[in-house]
Amino acid sequence: MPASAARRPSSPAAARLSIGQVLEMLRDEFPDLAHSKLHYLESEGLISPERSGTGYRKYSREDVDRLRFVLRAQRDRFWPLKVIKEHLLEHGVDSEVTSIASRPGPTASLQAVRLDRRGLAREASVDEAFLAELEQYGLLGDGALFYGSTELELVGAARDLAEQGLHPRHLVMLRTAAERQAHMIRSVASPRSRAGDSAARGEAENFARDLGESMITVHGAVLRTALRDR
């Protein structure tokens, strides 16, 4: 028996959580998580909560661990659900998160992290004033309780650019371009979402993530070509 299994409660009833309890457990890290997202991930076979005699979903601790892994992989790596599902089948939720980085993709090198503001500054080797400057120019979300891999990567890259004379105020054009691209992606993905259909909303969200990954690839290729040709 794996050591991880030995640590889990032996009583299934004691480990079962309602959907509301699961959302509350994950609220700090995933404040936008909703019932519809959980229903969609279930329809895609990523999680399989049991049903009570009255039909209510009941989640085990293993379900919550699996859900947390899926949400982090989507948020921090932009991996489509198909890739996440393959990874879980091959390695399981107890595998090293970094093993997903062996797959190709622009965001494959990201490792899942969860940092408070002080931890973000420490890991990125910047001070509070630099974080405040990034917030001032809309490059870093203001007022967040926790930060993930995306924010850590952003702050580190912004620091490197600042050391070469390209300060946050110079990066506003990048933020503006990203916002326009996000609007374009949402305009393409939103028709897939239907009011009252949680599976359709989840599908639209996943489709938007796939488009975003493709957009990152195109942007990188165009920039490399521009730098090479001039």
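Once a new chain begins, its residue numbering starts again from 1 and follows that chain's sequence as written. Owing to the predicted nature of the model, reporting of local features is limited to residues with pLDDT of at least 70; listing and counting of side-chain atom pairs is limited to 80 or more, with chain, interface and lining totals taken over all residues. As a convention, hydrogens and water are excluded, and side-chain values are obtained from all of the structure's heavy atoms.

### Comments concerning the overall build of the protein chain
Formally: Secondary structure elements are defined from DSSP: runs of H or I of at least 4 residues count as helices, runs of E of at least 2 residues count as strands, and each element is numbered from the N terminus. With a 1.4 Å probe rolled over the protein chains alone, any residue whose accessible area is under 20% of its type maximum counts as buried; one over 50% counts as exposed, and the rest are partly exposed. Whether two residues are in contact is decided by their heavy atoms, any of which lying within 4.5 Å being enough. For the area figures, the Shrake-Rupley method with a 1.4 Å probe applies, and any residue is considered shielded solely by the protein chains shown.
Each helix and strand in the protein chain was counted, giving eleven helices and two strands. Taken from the N to the C terminus, the helices and strands of the protein chain come in the order α-α-α-α-β-β-α-α-α-α-α-α-α. Buried positions account for 33% of the 230 residues belonging to the protein chain. Intrachain contacts of the protein chain at a sequence separation of at least 6 include 62% that bridge at least 24 residues. Of the roughly 13,500 Å² of accessible surface on the protein chain, 54% is carried by carbon and sulfur atoms.

### Re the confidence of the model for the protein chain
Using the following cut-off: pLDDT runs from 0 to 100 and stands for how confident the predictor is about each residue.
Model confidence for the protein chain is summarised by a mean pLDDT of 81, while 83% of its residues fall at 70 or above. At the low end of the mean pLDDT range in the protein chain sits helix α1 (residues 3–6), at 40; at the high end sits helix α8 (residues 128–136), at 95. The low-confidence segment residues 96–110 (pLDDT under 50) makes 37 contacts with residues lying over four places distant or belonging to another chain.

### Some remarks on the nonpolar core
Taken as a class, soluble globular proteins show a tendency for nonpolar side chains to be buried jointly. Put simply, the test is: Residues enter a nonpolar core if they are buried and are Ala, Val, Leu, Ile, Met, Phe, Trp, Tyr or Cys, with the set joined through side-chain atoms within 4.5 Å.
Of all hydrophobic cores here, the largest spans 24 residues; its most connected members are Val22, Leu26, Leu38, Leu41, Leu67 and Ile84. Those elements that provide at least two residues to this core are α3 (19–26), α4 (35–43), α5 (61–77) and α6 (81–91). With six residues, the top contributor of residues to this core is α5. Ranked by size, the runner-up nonpolar core spans 15 residues in total, among them Leu120, Phe130, Leu131 and Leu139.

### A short note on the environment of Glu29
Note the threshold: What qualifies as a polar contact is a pair of N or O atoms within 3.5 Å, subject to a donor-acceptor requirement within protein and to the restriction that residues adjacent in sequence count only when both atoms come from side chains.
With respect to the helices and strands, the residue Glu29 is situated in the loop between α3 and α4. Separated by 119 residues in the primary sequence, Glu29 and Gly148 place their C-alpha atoms 8.8 Å from one another. Excluding residues within four positions of it along the chain, Glu29 makes contact with Arg68, Arg72, Arg75 and Arg114. A polar atom in the side chain of Glu29 sits 2.7 Å from the side chain of Arg72.

### Details of the pattern of salt bridges
Filter applied, for reference: We count a salt bridge whenever a side-chain nitrogen from Lys or Arg sits within 4 Å of a carboxyl oxygen from Asp or Glu.
All told, the structure shown has 14 salt bridges when counted by the stated rule. The residue Arg51 makes a salt bridge to Glu42 at a minimum N-O spacing of 3.9 Å. Under the relative-accessibility criterion, Arg51 is labelled partly exposed at 46%. The closest approach of N and O atoms between Arg175 and Glu179, which form a salt bridge, is 3.4 Å. Of the two residues, Arg175 and Glu179 both sit in helix α10 (residues 172–189), four residues apart, roughly one turn of that helix. It is possible to trace a salt-bridge network through shared partners that takes in Glu29, Arg72 and Arg114.

### Thoughts on the environment of Leu211
For Leu211, the location among the structural elements is in helix α11 (residues 198–229). By relative accessible area, which is 26% here, Leu211 ends up partly exposed. Sequence separation of Leu211 and Arg186 is 25 residues, and the distance between their C-alpha atoms is 9.4 Å. Each residue touching Leu211, except ones within four places of it in the same chain, is listed here: Ile185 and Val188.

### A word on α8
Spelled out, the test is: Of all possible arcs, the one meant is that of the directions from the helix axis to the C-beta atoms.
The set of residues buried in α8 consists of Phe130, Leu131, Leu134 and Glu135. The arc that holds the buried residues of α8, viewed along the axis, is 145 degrees, so those residues lie on one side. For α8, exposure combined with an orientation more than 90 degrees from the buried face picks out Ala129 and Gln136. Elements that come into contact with the buried residues of α8 comprise α7 (117–124) and α9 (149–163).

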